[in-house]
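Listed here are the chains, written in short residue letters.
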Amino acid sequence: MVNTAVQKRIYLSSPHMSGNEQKYINEAFETNWIAPLGPNVDAFEKEIAAYTGVNEAAAVSSGTAAIHLALSLLGVEKGDTVFCSTLTFIASANPILYLGAEPVFIDSEPETWNMSPIALEKALREADSNGKLPKAVIVVNLYGQSAKMDELTALCEQYDVPMIEDAAESLGSSYKGKPSGSFGQFGIFSFNGNKIITTSGGGMLVSNDAASIHKARFLATQARDPAPHYQHSKVGYNYRMSNVLAGIGRAQLKVLEERVEARRAIFERYQLELSGIPCIQFMPELNGTYSNRWLTAMTIDEKEAVISVNQLIEFLAAENIEARPVWKPLHMQPLFKTVKYYSHYENESVSEELFANGICLPSGSNMEELDQTRVINRIKNFMTVKEVERRIV
Ligand SMILES: *Cc1c(COP(=O)(O)O)cnc(C)c1O
């Protein structure tokens, strides 16, 4: 039973305003720029491009829209295939279906939990020998951790297949000093309410290819040809970001570094307090990478712990603490029942194991220290009780 009267709810990751958002919103109201274009949109695009070290950025209505535009710009159409990380949120792959193309899912590897270069190589080799290379590879940086970009980029270059970096969860992270989102032909970010910074809802498409980003803006505004009489020769979308929301994003971007530091501190404290429990292992941080630790994720070895992650999640829910399983791999989703999948090991799927044993803990940058103490203590107590029960049995 949830005892809401006594203990306030601790969320997985809730919006964290800086206090300056209102200033930009007011400016938009005072100048009557209440539209999917305007000075905040232009400035937010420039600021994100500068932050991530890319030439151009297009602010759009969601991260999903950004992926859709990237795939469109790469010419993905009916009958094509697109490779995609399997251990991710459905939004990484839904746009593949919007375009009538077919996804092929690639397993994770244990060091980053992200796309396995071994599995990708196998998939590319097979596709090549069948004469049907994918039109794109969508690489996800899970929970802020960069994928193995050197290896993945080399494979994409070898087979001449463009990469889209789904950096929806990894704004503020880096790989060998290079900002997350700046790898591949396109990078995408999300500013959904639960992400490290938010515009309530929104996204960004980034690229060094300025011409492609200009085209993205065109497609995102109904693909209106340059004529006064509303002429259209291509399918377009209504995907631009509101000038009001871009104002929120500008204020949020100014505190991104603080948000990353706060989330990393939360991760470090969980690790310090809980890694003494032998069945618990935390998501690794690959050498040379810097994760924003958007969500603290860990695995519980069920054989050693006698409890499953689901039991722990249920227990925490009853304590009014929101925890979640790791994303259910997309190749296991009913929607993708018939889709091809390449695993990291011959007979073992890394993503399936991470899903079976993985849990995300409350990680919001606005979580108070006492709240985190409560989460830690509840987990410690639960695990101790279960351990004692096991000994008695
Ligand atoms: C949040 C997220 C998206 C989509 O972002 P929206 O802005 O919600 O459309 C895409 N990919 C991943 C990995 C995400 O976590």
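Residues numbered from 1 in each chain as written. Predicted model: local features only at pLDDT ≥ 70, side-chain atom pairs only at ≥ 80, totals over all residues. Heavy atoms only, no water.

**Remarks on a nonpolar patch on the surface**
Phase 1 of the analysis: Where nonpolar side chains cluster on the molecular surface, the patch consists of Leu97, Tyr98 and Leu335 and spans about 290 Å² of accessible area.
Phase 2 of the analysis: Position of leucine 335 among the secondary structure elements: in the loop between strand 13 (324–325) and strand 14 (341–342). (Patch = residues over 30% accessible without salt bridge, like charges linked within 9 Å, V, L, I, M, F, W, Y side chains within 5 Å. Areas by Shrake-Rupley, 256 points an atom, 1.4 Å probe, with all protein chains shown as cover. Salt bridge = Lys/Arg side-chain N within 4 Å of Asp/Glu carboxyl O. Helix = DSSP H or I, 4+ residues; strand = E, 2+ residues; numbered from the N terminus.)

**Quick notes on the layout of surface pockets**
Phase 1 of the analysis: Considered as a void within the structure, the largest pocket measures approximately 420 Å³ in volume.
Phase 2 of the analysis: If you go around the largest pocket, you meet 21 residues; those closest to its centre are Gln281, Thr299, Glu353, Leu354 and Asn357.
Phase 3 of the analysis: Among the elements of the structure, strand 10 (280–282), strand 12 (296–300), helix 10 (302–305) and helix 12 (350–357) are those that each provide at least two residues to the lining of the largest pocket.
Phase 4 of the analysis: When residues in the lining of the largest pocket are grouped by element, the largest group, four residues, is from helix 12.
Phase 5 of the analysis: Here the lining of the largest pocket is built from residues that sort into eleven nonpolar, four polar and six charged.
Phase 6 of the analysis: Roughly 240 Å³ of internal volume is contained in the second largest pocket.
Phase 7 of the analysis: Considering the residues around the second largest pocket, the lining is formed by 22 residues, among which Thr64, Phe89, Ala91, Ser190 and Lys195 are closest to the centre. (1 Å grid on protein atoms, 1.4 Å probe; cavity = no way out; pocket = protein on both sides within 12 Å on 5 of 7 lines; lining within 4 Å. Points joined across faces, edges and corners; volume = space filled by probe spheres on them. Nonpolar A, V, L, I, M, F, W, Y, C, P; charged D, E, K, R; others polar.)

**Here's the deal with the sheet that holds strand 11 (residues 289–290)**
Phase 1 of the analysis: Spatially, the three strands line up as an open sheet ordered 7-6-11, and their pairing is antiparallel. A single partner strand is all that each edge strand has here, and the edge strands are strand 7 (178–179) and strand 11.
Phase 2 of the analysis: When strand 6 (residues 174–175) meets strand 7, the two strands line up antiparallel, connected through two bridges. Bridged to tyrosine 175 within strand 7 is lysine 178. (Pairing = 2+ DSSP bridges.)

**Quick notes on the domain arrangement of the protein**
Phase 1 of the analysis: Segmenting the protein into domains produces domain 1 (21–253) and domain 2 (256–392).
Phase 2 of the analysis: Contact with domain 1, which involves 48 residues of that partner, is made by 42 residues of domain 2.
Phase 3 of the analysis: Roughly 4000 Å² of surface becomes buried between domain 1 and domain 2 when both sides are summed, with 64% attributable to carbon and sulfur atoms.
Phase 4 of the analysis: The three residues of domain 1 that bury the most area against domain 2 are Trp113, Tyr143 and Ile196, which together make up 22% of that side's buried surface. (Domains from an automatic or database assignment. Contact = heavy atoms within 4.5 Å. Buried area = accessible area lost by both parts, 1.4 Å probe.)

**Brief notes about the pattern of salt bridges**
Phase 1 of the analysis: In the structure shown here, the tally under the stated rule is 15 salt bridges.
Phase 2 of the analysis: One salt bridge connects lysine 8 with glutamate 368, and the closest N-O pair in it is separated by 3.9 Å. Pair noted here: lysine 8 is in the segment before helix 1 (21–30) and glutamate 368 is in the loop between strand 15 (358–361) and helix 13 (369–392), with a separation of 360 residues, a long-range link.
Phase 3 of the analysis: Residue classification places glutamate 368 among the partly exposed residues on the basis of a relative accessible area of 47%.
Phase 4 of the analysis: A salt bridge links arginine 217 to glutamate 56; its shortest N-O distance comes to 2.9 Å. Residue arginine 217 is found in helix 7 (residues 210–220), and its partner glutamate 56 is found in strand 1 (residues 56–60); the two are separated by 161 residues along the sequence.
Phase 5 of the analysis: Ionic contacts of the salt-bridge type, sharing partners, join the residues Glu45, Glu56, Arg217 and Arg240 into one network. (Buried < 20%, exposed > 50% of the residue type's maximum accessible area, 1.4 Å probe, protein only.)

**A look at the nonpolar core**
Nonpolar side chains in soluble globular proteins tend to be buried together.
Phase 1 of the analysis: Among the nonpolar cores identified, the biggest contains 35 residues, and Leu69, Leu71, Ile96, Ile138, Ile164, Phe186 and Leu205 are the most heavily contacted of them.
Phase 2 of the analysis: Mapped by element, the contributors of at least two residues to this core are strand 1, helix 3 (63–73), strand 2 (81–85), strand 4 (136–140), strand 8 (186–190) and helix 7.
Phase 3 of the analysis: With seven residues, the top contributor of residues to this core is helix 3.
Phase 4 of the analysis: Each of domain 1 (21–253) and domain 2 (256–392) gives at least three residues to this core.
Phase 5 of the analysis: With sequence-adjacent residues up to four places away left out, isoleucine 164 is seen in contact with Ala70, Leu71, Leu74, Ala136, Val137, Ile138, Val139, Phe186 and Ile188.
Phase 6 of the analysis: Counting 34 residues, the second largest nonpolar core, distinct from the first, contains Leu87, Ala167, Ile196 and Trp327. (Core = buried A, V, L, I, M, F, W, Y, C linked by side-chain atoms within 4.5 Å.)

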